[in-house]
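Structural features, examined
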Amino acid sequence: MDDKQLMAQIAAGDQAALQTLLRRHGPLLQYILKPILTDPREREECLADISLRLWQRAGDYAPERGQFVPWLTVLARNMALNRARRLRREEPLDETMPHGDGSAEEALLQKDRREQLQTAIRSLGREEQQLFFRKYYYCQSTAQMAAELGLTERAVEGRLYRLRQTLRQQLGGDLYD
């Protein structure tokens, strides 16, 4: 049974379908959560939250809009980042850290910067895009990336440095530092 069918069964209230889906994609979920949530207890809590979200919102998945695994990956990553942010909220904020003023102009500037970054990322080669997403989207450590890519940590650091330089040039220098 494929993931689409399982999601349809989950939407209909089939708990066994949810268990099957979680067994099938559990290693992927752990892989995504581990760099973001280093505490194993927090990862387990996040997995429980993901399970609950899948159960409650299985009907939100629309197969015509995209494949299941990327949808699940984004769901897991976002939930892990939200949990990590909540955990960090307990730390006092640095008053010297710049932040937006919440104006419409600031929102428009952020949207424009986001679009420029997306265009710059799309212009990168496939390997460079993978490095970018591993480091800055999935929050993987250099050591993990090196081990999985069969490279030394120094080689990964060098590639990331060149990648940042390329993006900096495409985005107009130090504007995004």
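These lines cover the structure that appears in this document, whether it is placed above or below. The structure displayed is predicted, hence computed values, not measured ones.

**As for the packing of aromatic side chains**
Counted under the stated rule, the structure contains 7 aromatic pairs. Pairing Tyr 61 with Trp 71 gives two aromatic rings, centres 5.2 Å apart and planes at 55°, and the pair type is tilted. With a gap of 10 residues between them, Tyr 61 in the loop between helix H3 (40-57) and helix H4 (68-88) and Trp 71 in helix H4 connect regions that are remote in the sequence. Here Tyr 61 falls in the buried class, since its relative accessible area comes to 7%. Take Trp 71: its relative accessible area is 27%, and that puts it in the partly exposed class. Between Phe 133 and Tyr 137, the aromatic rings sit 5.9 Å apart at their centres with planes inclined by 85°, giving edge-to-face as the arrangement.

**Some details on the layout of surface pockets**
Quantified by volume, the second largest pocket comes out at close to 160 Å³. Lining the second largest pocket, in full, are Arg 114, Leu 117, Gln 118, Ile 121 and Phe 133. The element contributing the most residues to the lining of the second largest pocket is helix H5 (residues 104-122), with 4 residues. Taken together, the residues that form the lining of the second largest pocket break down as 3 nonpolar, 1 polar and 1 charged.

**Observations regarding the environment of Leu 108**
Residue placement: Leu 108 occurs in helix H5. For the pair Leu 108 and Thr 152, spaced 44 residues apart in the sequence, the C-alpha separation amounts to 40 Å.

**Quick look at H3**
Counting along an α-helix, one turn takes 3.6 residues, and residues three or four places apart therefore face a common direction. The end-to-end C-alpha distance of H3, which contains 18 residues, comes to 25 Å, matching closely the 26 Å that a straight helix rising 1.5 Å per residue would cover. Turning to H3, the residues buried within the fold contact helix H1 (3-11), helix H2 (15-33) and H4. Looking at where H3 begins, the residue whose side-chain oxygen comes 2.9 Å from the main-chain nitrogen of Arg 41 is Asp 39.

**What to know about the side chain of Arg 83**
Secondary-structure assignment places Arg 83 in helix H4. Apart from residues lying up to four places away in sequence, Arg 83 is in contact with Leu 37, Glu 42, Glu 45, Cys 46 and Asp 49.

**Observations concerning a positive patch on the surface**
On the surface, a cluster of positive charge is made up of Arg 85, Arg 86, Arg 88 and Arg 89. On the secondary structure map, Arg 86 appears in helix H4.

**So, the packing of H1 against H2**
Helix-helix packing: each pair is described by the crossing angle between the helix axes and the interaxial distance. Two elements in contact, H1 and H2, have axes separated by 8 Å at closest approach and are oriented at 140°. You can see that H1 and H2 cross each other, and the crossing is left-handed. Counted together, Asp 3, Leu 6, Met 7, Gln 9 and Ile 10 of H1 and Ala 17, Leu 18, Thr 20, Leu 21, Arg 24 and His 25 of H2 form the full contact between these two elements. The class makeup of the residues in the contact of H1 with H2 is 6 nonpolar, 3 polar and 2 charged.

**Thoughts on unusual backbone geometry**
The residue Cys 139 is not glycine, and still its phi comes out positive at about 60°. Assessed through its relative accessible area of 30%, Cys 139 is described here as partly exposed.

Parameters at a glance
- Residues numbered from 1 in each chain as written.
- Predicted model: local features only at pLDDT ≥ 70, side-chain atom pairs only at ≥ 80, totals over all residues.
- Heavy atoms only, no water.
- Phe/Tyr/Trp six-rings, centres within 6.5 Å; stacked < 30°, edge-to-face > 60°.
- Helix = DSSP H or I, 4+ residues; strand = E, 2+ residues; numbered from the N terminus.
- Buried < 20%, exposed > 50% of the residue type's maximum accessible area, 1.4 Å probe, protein only.
- 1 Å grid on protein atoms, 1.4 Å probe; cavity = no way out; pocket = protein on both sides within 12 Å on 5 of 7 lines; lining within 4 Å.
- Points joined across faces, edges and corners; volume = space filled by probe spheres on them.
- Nonpolar A, V, L, I, M, F, W, Y, C, P; charged D, E, K, R; others polar.
- Expected span 1.5 Å × (residues − 1).
- Contact = heavy atoms within 4.5 Å.
- Polar contact = N/O pair within 3.5 Å; in protein donor to acceptor, adjacent residues only side chain to side chain.
- Patch = residues over 30% accessible without salt bridge, like charges linked within 9 Å, V, L, I, M, F, W, Y side chains within 5 Å.
- Areas by Shrake-Rupley, 256 points an atom, 1.4 Å probe, with all protein chains shown as cover.
- Salt bridge = Lys/Arg side-chain N within 4 Å of Asp/Glu carboxyl O.
- Lys, Arg positive; Asp, Glu negative; His and termini not counted.
- Charge placed at Lys NZ, Arg CZ, Asp CG, Glu CD.
- Axes fitted to C-alpha atoms, helices over the stretch in contact; angles between N-to-C directions.
- Left-handed = near helix turned anticlockwise from the far one by under 90°.

Keep in mind that these numbers describe shape and distance, not what the molecule does.
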